[in-house]
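Notes for the structure review
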Amino acid sequence: MVKQYISVNNLIGMAILVWGLVFPPVSASECSKTVNIGVVADWPPLTVFDELGPWGLDVDIAEMVFQHVAVCTTYIRLPSSARTFEEMSKGVIDVAVMVSYTKDREAYGDFSLPYRFERMRLFSLSPPTVLADLASLLKQSKTIGLSIGSYYGEELDKLKQDPRYKDQFVSIASAQRRVEMLMKARVDFIVDDVITGNYFIKERGLDAAQAWPYVVHDNQVHFLLRKNVFSARLKSKIDEAILALKPKIELLVASYQSNASFGVSTVSNRFPRYQPLPLSNLD
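Because the structure is a prediction, the values reported are computed rather than measured.

Conventions we followed
- Residues numbered from 1 in each chain as written.
- Predicted model: local features only at pLDDT ≥ 70, side-chain atom pairs only at ≥ 80, totals over all residues.
- Heavy atoms only, no water.
- pLDDT = per-residue confidence, 0-100.
- Contact = heavy atoms within 4.5 Å.
- Core = buried A, V, L, I, M, F, W, Y, C linked by side-chain atoms within 4.5 Å.
- Buried < 20%, exposed > 50% of the residue type's maximum accessible area, 1.4 Å probe, protein only.
- Helix = DSSP H or I, 4+ residues; strand = E, 2+ residues; numbered from the N terminus.
- Axes fitted to C-alpha atoms, helices over the stretch in contact; angles between N-to-C directions.
- Parallel < 35°, antiparallel > 145°, perpendicular 65-115°, else oblique.
- Nonpolar A, V, L, I, M, F, W, Y, C, P; charged D, E, K, R; others polar.
- Pairing = 2+ DSSP bridges.

Topic: the confidence of the model for the chain
- Residues at a pLDDT of 70 or more form 81% of the chain, whose mean pLDDT is 83.
- Throughout residues 1-26 the model reports pLDDT below 50, and contacts reaching past four residues in sequence, or to other chains, amount to 91 contacts.
- In this model, residues 260-283 is a region of pLDDT below 50 whose contacts with residues beyond four sequence positions or in other chains number 49 contacts.

Quick look at the nonpolar core
- Formed by 69 residues in total, the largest nonpolar core has its most connected members in Phe 66 and Phe 223.
- Top element by residues in this core is helix 1 (residues 57-68). It accounts for seven residues.
- Counting nine residues, the second largest nonpolar core, distinct from the first, contains Leu 78, Val 92, Val 99 and Leu 224.

Section: the side chain of Thr 47
- For Thr 47, the location among the structural elements is in strand 5 (residues 47-50).
- Assessed through its relative accessible area of 1%, Thr 47 is described here as buried.
- Discounting residues that sit within four places of it in the chain, Thr 47 has contacts with Val 39, Val 40, Ala 41, Asp 42, Trp 55, Asp 58 and Val 97.

Let's talk about the packing of helix 7 (residues 232-244) against helix 8 (residues 246-257)
- At a minimum axis distance of 5 Å, the contact between helix 7 and helix 8 shows a crossing angle of 60 degrees. Relative to helix 8, the element helix 7 lies oblique. Only Lys 246, Pro 247 and Ile 249 of helix 8 make contact with helix 7, whose side of the interface consists of Ile 242, Leu 243 and Ala 244.
- Class assignment of the residues belonging to the contact of helix 7 with helix 8 gives a composition of five nonpolar, no polar and one charged.

Topic: the sheet that holds strand 4 (residues 42-43)
- Strand order in the open sheet formed by three strands is 4-5-6, with antiparallel pairing between adjacent strands. Two strands close off the open sheet at either side, each with one partner strand: strand 4 and strand 6 (53-55).
- Taken together, the three bridges between strand 5 and strand 6 define a ladder with antiparallel strand orientation. Bridge pairing in strand 6 links Phe 49 to Pro 54.

Printed below as a string of C-alpha cells:
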C-alpha cells in the first residue's frame, strides 16, 4: 500500500490538501486507474479530513468499492458540500461521495447505484413534539441551520425558496459549526443525518440536543462520477461492486450507527502509518 499527500492549488488559488491513498487488491501495479475523491472536511463521522487524513463511514465505503474494482484513490479535502460540484466541474475531483440525486446534479456527472440510506432529522435543545410539517416551525419564526450546498428533500427545498421563510434558514459550512450554533442558541434547529447528530450527542457529550421524529428527508445516496472519466464498463463494475458488497456495507453502516467505530476505521490496515512524502517522490 502506498500513501502520499501534497499541497496543490485550484484555479482560484486556494490550497487543497491531497492525501493519496492506494488500496490495491494485491499491488499498486494492478490498479486500473487512479481517481480523485472529494471529501467534505468536517461531517463526522461520515466524512472527515483532519491531521490523520480522510476517514469516516463514506470514506470507508468508497475504499471498499473502489478497491473491489481495482481503482486507486486520491482524496481531496473540501471545505463544504457546496464546493463538491464546483471542484467537479473544474476537473479537480472525479468522484463525490454521499450525493443525493437531483436532476440538476446530472449535469456534473453520472450517478452510481445507491450504496446507503441517509436519514435527515431535526435536532434542537427543546423537547421534541409532533409536527404536521416544517412550515409549522417557520410560522413560529424558528430558525434552521443547514449545510451549505446540501439537499434536504422537496419539502425543505420549497420552503427555502419561499420569500416568507428564506431568511429563517442559516447556511453553515461545517457540522461542528452547526452544532455550536445550536448549542449557543443562535439557531433554533439544525437538520442533519441521524448518524452525525447521534455522534455529537453521544461522543461529544451534547446531551441537551435531541432528535425530533419528524422525517425531514429519507433518501438513498450515491457516488457521483465525473463525466468522461469512467468508461461504461467501469461504471457497470462499480455498480456491480456496490451490489456485491451490500451486506458488508450494511454491516459497516450499522457499526457507525451503534457508535462502535466513531473515529476508528473498520477497513483493515487503514492508516497504519502516516508518512508524508516529499514532492519529488510524487513525480
